[in-house]
Amino acid sequence: DRKPIIAIDGPAGAGKSTVARQVAANLGLIYLDTGAMYRAVTWLVQQSGISISDECAIAELVSQCVIELAPSQNLSSPVQVCINGHDVTQKIRTPDVTSNVSAIAAQTAVRLSLVKQQQVWGKKGGLVAEGRDIGTQVFPDAEVKIYLTASVSERARRRQSDFTKQGLPQINLEQLEKDIAERDWKDSTRKVSPLRKAPDAVEIQTDGLDISDVTAKIIDCYEQRL
Ligand code: C5P
C-alpha cells in the first residue's frame, strides 16, 4: 500500500524544480530531483577522465556508484547531492555539466541504473518526482502526472534571472535560448525514454504564470485525484 506519487515532467527550464519543491513542501511529500542524479553521474564521468562516448566504461562506473540525495534546508536552494562521498551540490550546476548531461542521459545503461534507484524511492510513495520520463517510465502508475512547458524565450529569461539571483556571470539571452533549444532537441529525440508528455498527464503552459499559480494548479490536481 503506497502513498500517492506526483510525477512532473517537462523540458529544461520550465520551472519543474522550483514548483516541485513548493508542491512537496505544501503537501508534506518527499521531493525527488532525478535530473540531479544524471548530473551527478555526468560530473563523475568527467572527473574520472572517461570519454563521454565510452558507454562501456560509463556503464561500469554507474553500476558501482552511490548517489545520495538529501532535502535542502530551505525552499529556494536545490537538493544536496553526493556521489561516491563527494558533495557535488554546486558542481553539478556548472555549464560544463549542463552541456554534457544529455549525452550521458541518452545511454541505456545509465538510465537502467538510475531508474531502478528512483523506483526504490517510490516504493513507499509520498513523493513529488521531477524529470523527463517520470510519468512515462519511472512511475507510469503515478496518481498525478503533470507536464510543464513554457516557450523557449520564457525559459531563457527565467534561467537568466536565476543566474542573476545567484550572483553568477551573465550569459546573453540568445545563447541561453540556443542552449535550451539544443537540450530540448537532444532529450526529446534520443532513442531511450525520450522526453514525452504521458497520455494521461495534465499539461500546464507556464508562460505568464508565476510559481504560486503553477503550484496551486498542481495541488488542485492532487486533491481532485484523492
Ligand atoms: O532537470 P535537469 O535540467 O537537472 O536535467 C538534466 C538532464 O538530465 C536533462 O537535460 C536530461 O538530459 C536528463 N534527465 C533525464 N531524465 C530525467 C531527468 C533528467 O534524461 N528523468
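That block above? That's the structure.
This text gives an overview of the structure that appears in the document. Numbering of residues starts from 1 in each chain and follows the order in which that chain's sequence is written. This being a predicted model, a pLDDT of at least 70 is required before a residue's local features are given, and a value of 80 or more before pairs of side-chain atoms are given or counted; all residues contribute to the totals for chains, interfaces and linings.

Looking at the overall build of the protein
(1) Moving on: Each helix corresponds to a stretch of at least 4 residues labelled H or I by DSSP, and each strand to a stretch of at least 2 residues labelled E; elements are numbered beginning at the N terminus. The secondary structure content of the protein amounts to 9 helices and 8 strands.
(2) Moving on: Computed over C-alpha atoms, the radius of gyration of the protein comes to 17 Å, within 12% of the 17 Å expected from 2.2 N^0.38 for 226 residues, which places it in the range of a compact globule.
(3) Moving on: Taken along the three principal axes of its C-alpha coordinates, the protein extends 50 × 45 × 35 Å.
(4) Moving on: Using C-beta atoms placed from the backbone, we call a residue buried if 20 or more other C-beta atoms fall within 10 Å of its own, exposed if 12 or fewer do, and partly exposed for counts in between. With 226 residues in all, the protein has 37% of them scored as buried. Note on method: radius of gyration uses C-alpha positions; expected globular size equals 2.2 Å times residues raised to 0.38.

A closer look at the site of the ligand
(1) Moving on: In this analysis, residues qualify as near a molecule or strand once their C-beta atom, positioned from backbone atoms, comes within 6 Å of it. In the region of the ligand, 14 residues are neighbours, and Gly35, Tyr38, Ala105, Gly131 and Arg132 sit closest.
(2) Moving on: Contributing elements (two or more residues each) for the shell around the ligand: α2 (34-48), α4 (95-105) and α8 (173-189).
(3) Moving on: Looking at which element gives the most residues to the shell around the ligand, the answer is α2, with 4 residues.
(4) Moving on: Side-chain classes follow a simple rule in which Ala, Val, Leu, Ile, Met, Phe, Trp, Tyr, Cys and Pro form the nonpolar group, Asp, Glu, Lys and Arg form the charged group, and the remainder, Gly included, forms the polar group. Here the residues of the shell around the ligand sort into 5 nonpolar, 4 polar and 5 charged.

What about the sheet that holds strand β4 (residues 80-83)?
(1) Moving on: Read from one edge to the other, the open sheet built from 3 strands follows the order β3-β4-β5, with strand pairing classed as antiparallel. At either end of the open sheet lies a strand with only one pairing partner, and these are β3 (67-70) and β5 (86-87).
(2) Moving on: At least two bridges found by DSSP between two strands are what make those strands a pair. As paired strands, β3 and β4 are joined by 4 bridges and run antiparallel to one another. Bridge pairing links Ala70 to Gln80 in β4.

Considerations on the environment of Ser76
(1) Moving on: Structurally, Ser76 is set in the loop between β3 and β4.
(2) Moving on: Separated by 58 residues in sequence, Ser76 and Thr18 place their C-alpha atoms 7.3 Å apart.

A word on the sheet that holds strand β8 (residues 202-205)
(1) Moving on: Spatially, the 5 strands line up as an open sheet ordered β2-β6-β1-β7-β8, and their pairing is parallel. The open sheet has two edge strands, β2 (30-33) and β8, and neither has a second partner. Ignoring which end each strand starts from, the neighbouring axes of this sheet average 20° apart.
(2) Moving on: Each residue is represented by a C-beta atom placed from its backbone, and any two residues with such atoms within 7 Å are regarded as in contact. What counts as an axis is a line fitted to C-alpha atoms, over the stretch in contact for a helix, and the angles between N-to-C directions run from 0 to 180 degrees. On top of the sheet, helix α5 (residues 108-122) reaches β1 (5-9), β2 and β6 (127-131); it is set at about 160° to β6, its chief contact.

Structural notes on the packing of helix α7 (residues 152-165) against α8
(1) Moving on: Between α7 and α8, whose axes approach to 9 Å, the crossing angle comes to 115°. In this structure, the crossing between α7 and α8 has a hand that is right-handed. For the pair formed by α7 and α8, the contact residues are Val152, Ser153, Arg155, Ala156, Arg157, Arg159 and Gln160 on the first element and Leu173, Leu176, Glu177, Ile180 and Ala181 on the second.
(2) Moving on: Of the residues that constitute the contact of α7 with α8, the class distribution is 6 nonpolar, 2 polar and 4 charged. Should the near helix be turned anticlockwise from the far one by less than a right angle, the crossing is termed left-handed; should it be turned clockwise, right-handed.

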